[in-house]
Amino acid sequence: MNHYKKNLVLFGTYSVLTSVLYIDAIFALFAFENGLSITQLMLIGTISGITVILTEIPTGIISDKYSRKISFLISAILRLISIILYIFGSFYIGSVFMALGAVFSSGTDSAYLYDLLKKYNQENEFQEIDGRIRSYTFYYMGFVAVISGFLYDLNIYIPFFATIGTFVIAIVITIFLEDDKTISKSNKSKGHFEILKLSITMLKTPKIFDVTFLFVFIMSIIQIIKGYDQPFMYEIELSSTQFGIVFFVLSAIAGFFSKRSKRITLKLKNHSTNTLVLGLGILTLSLFFINNLWGIIILITLSIIRGISGPYFYTKLNNNIPSENRATLISCASLLVNLVMAVMSPLTGLIADNFGLKFTYLFISCIVFSYFLITKFSFYKRKEKFENNIVRDINEK
């Protein structure tokens, strides 16, 4: 196996193992077993969110300036420590370590993969390979969701020990990962604030701004909609067993289409973005009218869009940003996604609590359609301005 394929296998394995944890599905149950209230559980989420917002960009800068391989190693170590802290009941400190570990790999993972492919002149394959890795992640997510419940029933600590094992494997993998020294070397002489300032300047350029804005909007909306999958299933009175089955199916469907993302978007050509945005809007709006078992079909179709969108929009983002600032710029985009969700999630939750879940779906669909119309209007205005400038230049000549 050559260096290129070896590193793809190593990175893919690291990405899948660290994206899905055995404690994810049972963490709330474990917290309640340890005497935490719902308010305290929500506080853990708040602490994690604040940690992410404060450290997302600094960790991206560290990745660009020093080493993406080291960032992966730090990420796995911090999250391993967090699991140990959870076992001993230190939930608040553990949540800080978990969030810090997550942000060290956020942005770095996509940047590492794109630049690895670029090094071997294979960057055109990013969407294909990223989609394949995401598909394995979705499949693994479905498997873990099913198995973690059984492990928890055997002993409440087994999912935690399994997660510790996962991070030990991840640490070993990072030791053998190839690191592209040319990227960190070009940033060695630059200060941290200089890298940040340069990244913000790049972010302000029309091309990068447009693709980042699109990325932030789509990824935020997808995550917000996904967050209401379980409340919807609860509202249509699915049993706990049916919950698990539906969750597994949604993950498997997303994985299947994530692997085929490039093939599908190539067939859609220039209509890919419009198709995915309109699809989100129409499907979300349909959940305003459908509040029964037929809604599961809508959730499955939304999983198809989720599977296609991840690789597609990450490819669009990576294609427009330079290697030297890639992790920082992706971290900026991730930070914006988290900020949008921090505002939108409570707002949509209030709508669901006070008016019903279907009005949350209506609200989200209105935002999607408004975005589509505004961006279309902006596009035609810029096109008209460009054409007028050409006519004016011809007349002046």
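Quick note: structure is the one above.
First things first, this report covers the structure right here in the doc. Quantities reported herein were computed from a predicted structural model and do not represent experimental measurements.

This next bit is on the overall build of the chain. A count of helices and strands for the chain gives 18 helices and 0 strands. Residue burial in the chain is summarised as follows: out of 397 residues, 48% are buried. Of the contacts made within the chain by residues no fewer than 6 positions apart, 84% connect residues no fewer than 24 positions apart. Working note: accessible area of the chain is about 19,600 Å², and carbon and sulfur atoms make up 68% of it.

A few words on the packing of aromatic side chains. Applying the stated rule across the entire model yields 23 aromatic pairs. Where Tyr 140 meets Phe 143, the ring centres are 6.4 Å apart and the plane angle is 20°; that geometry is what we call stacked. Here Tyr 140 and its partner Phe 143 are both found in helix H7 (residues 126–154), 3 residues apart, which amounts to about one turn of the helix. Among the residues examined, Tyr 140 registers a relative accessible area of 15% and is labelled buried. Members of the aromatic cluster, each reached through a chain of ring pairs, are Phe 27, Phe 30, Tyr 86, Phe 91, Tyr 157 and Phe 160. The positively charged end of Arg 260 is found above the aromatic ring belonging to Phe 256, 3.7 Å away from the centroid.

Taking 1.5 Å as the rise per residue, helix H16 (residues 295–318) with 24 residues should run 34 Å; its terminal C-alpha atoms sit 35 Å apart, in good agreement. Largest kink in H16: about 30°, centred on Ser 309, with the proline Pro 311 one to four residues after it. In terms of burial, H16 is largely enclosed, as 19 of its 24 residues are buried.

Attention shifts here to the side chain of Thr 273. By the secondary structure assignment, Thr 273 is in helix H15 (residues 272–289). Using a relative accessible area of 16% as the deciding quantity, one classes Thr 273 as buried. Contact partners of Thr 273, with chain neighbours within four places excluded, come to Leu 214, Tyr 312, Phe 313 and Lys 316.

Another point: the pattern of salt bridges. A complete count under the given rule lists 5 salt bridges for this structure. Close ionic contact of Asp 115 with Arg 68 constitutes a salt bridge, the shortest N to O distance being 2.5 Å. With Asp 115 in helix H6 (residues 108–119) and Arg 68 in helix H4 (residues 68–87), this residue pair connects regions lying 47 residues apart in the sequence. Comparing Asp 115 with Arg 68 shows no difference in burial state: the two are buried. With a shortest N-O distance of 3.5 Å, Glu 125 and Lys 262 are connected by a salt bridge. Here Glu 125 is found in the loop between H6 and H7, whereas its partner Lys 262 is found in helix H14 (residues 261–268), with 137 residues between them in sequence.

Time to look at the environment of Leu 78. Along the polypeptide, Leu 78 turns up in helix H4. Sequence spacing of Leu 78 and Phe 104 is 26 residues, and the spatial spacing of their C-alpha atoms is 9.2 Å. Apart from residues no more than four positions distant in its own chain, Leu 78 is found in contact with Phe 97, Leu 100, Gly 101 and Phe 104.

Another aspect to go through is H6. Residues that lie three or four places apart on an α-helix share one face, since the helix turns once every 3.6 residues. Taking 1.5 Å of rise per residue, the 12 residues of H6 would be expected to cover 16 Å, and the 16 Å separating its terminal C-alpha atoms lies within 8% of that figure. The element H6 is extensively covered by neighbouring structure, given that 9 of its 12 residues are classed as buried. Taken as a whole, H6 has its buried residues at Thr 108, Ser 110, Ala 111, Tyr 112, Leu 113, Tyr 114, Asp 115, Leu 116 and Leu 117. Within two residues after H6, Asn 121 carries a phi angle of roughly 60°, on the positive side.

Further remarks concern unusual backbone geometry. The phi dihedral of Asn 121 is positive, around 60°, even though this residue is not glycine. Secondary-structure assignment places Asn 121 in the loop between H6 and H7. The phi torsion at Lys 269 lies on the positive side, around 55°, for a residue other than glycine. A relative accessible area of 62% places Lys 269 in the exposed class.

Interaxial distance between helix H1 (residues 3–19) and H6 falls to 11 Å at its minimum, and their mutual angle equals 165°. Between H1 and H6, the angle falls in the class roughly antiparallel. Read as a crossing pair, H1 and H6 show a hand that is left-handed. Across the interface between the two elements, Tyr 4, Asn 7, Leu 8 and Phe 11 of H1 pack against Asp 109, Tyr 112, Leu 113, Leu 116 and Leu 117 of H6. Broken down by class, the residue content of the contact of H1 with H6 amounts to 7 nonpolar, 1 polar and 1 charged.

If you want to describe how two helices pack, look at the angle between their axes and the distance between the axes. The contact between H4 and helix H5 (residues 91–105) brings their axes to 8 Å, and the two run at 160°. It follows from the interaxial angle that H4 and H5 lie roughly antiparallel. The way H4 lies across H5 gives a crossing that is left-handed. Residues Ser 71, Phe 72, Ile 74, Ser 75, Leu 78, Arg 79, Ile 81, Ser 82, Ile 83, Leu 85 and Tyr 86 of H4 touch H5, and the partners they reach there are Phe 91, Ile 93, Gly 94, Ser 95, Phe 97, Met 98, Leu 100, Gly 101, Ala 102, Phe 104 and Ser 105. Split into classes, the residues belonging to the contact of H4 with H5 amount to 14 nonpolar, 7 polar and 1 charged.

Thresholds, definitions, all that
Residues numbered from 1 in each chain as written. Predicted model: local features only at pLDDT ≥ 70, side-chain atom pairs only at ≥ 80, totals over all residues. Heavy atoms only, no water. Helix = DSSP H or I, 4+ residues; strand = E, 2+ residues; numbered from the N terminus. Buried < 20%, exposed > 50% of the residue type's maximum accessible area, 1.4 Å probe, protein only. Contact = heavy atoms within 4.5 Å. Areas by Shrake-Rupley, 256 points an atom, 1.4 Å probe, with all protein chains shown as cover. Phe/Tyr/Trp six-rings, centres within 6.5 Å; stacked < 30°, edge-to-face > 60°. Lys NZ or Arg CZ within 6 Å of the ring centre and 35° of its normal. Expected span 1.5 Å × (residues − 1). Bend = angle between axes of the 7 residues up to and from the residue. Salt bridge = Lys/Arg side-chain N within 4 Å of Asp/Glu carboxyl O. Axes fitted to C-alpha atoms, helices over the stretch in contact; angles between N-to-C directions. Parallel < 35°, antiparallel > 145°, perpendicular 65-115°, else oblique. Left-handed = near helix turned anticlockwise from the far one by under 90°. Nonpolar A, V, L, I, M, F, W, Y, C, P; charged D, E, K, R; others polar.

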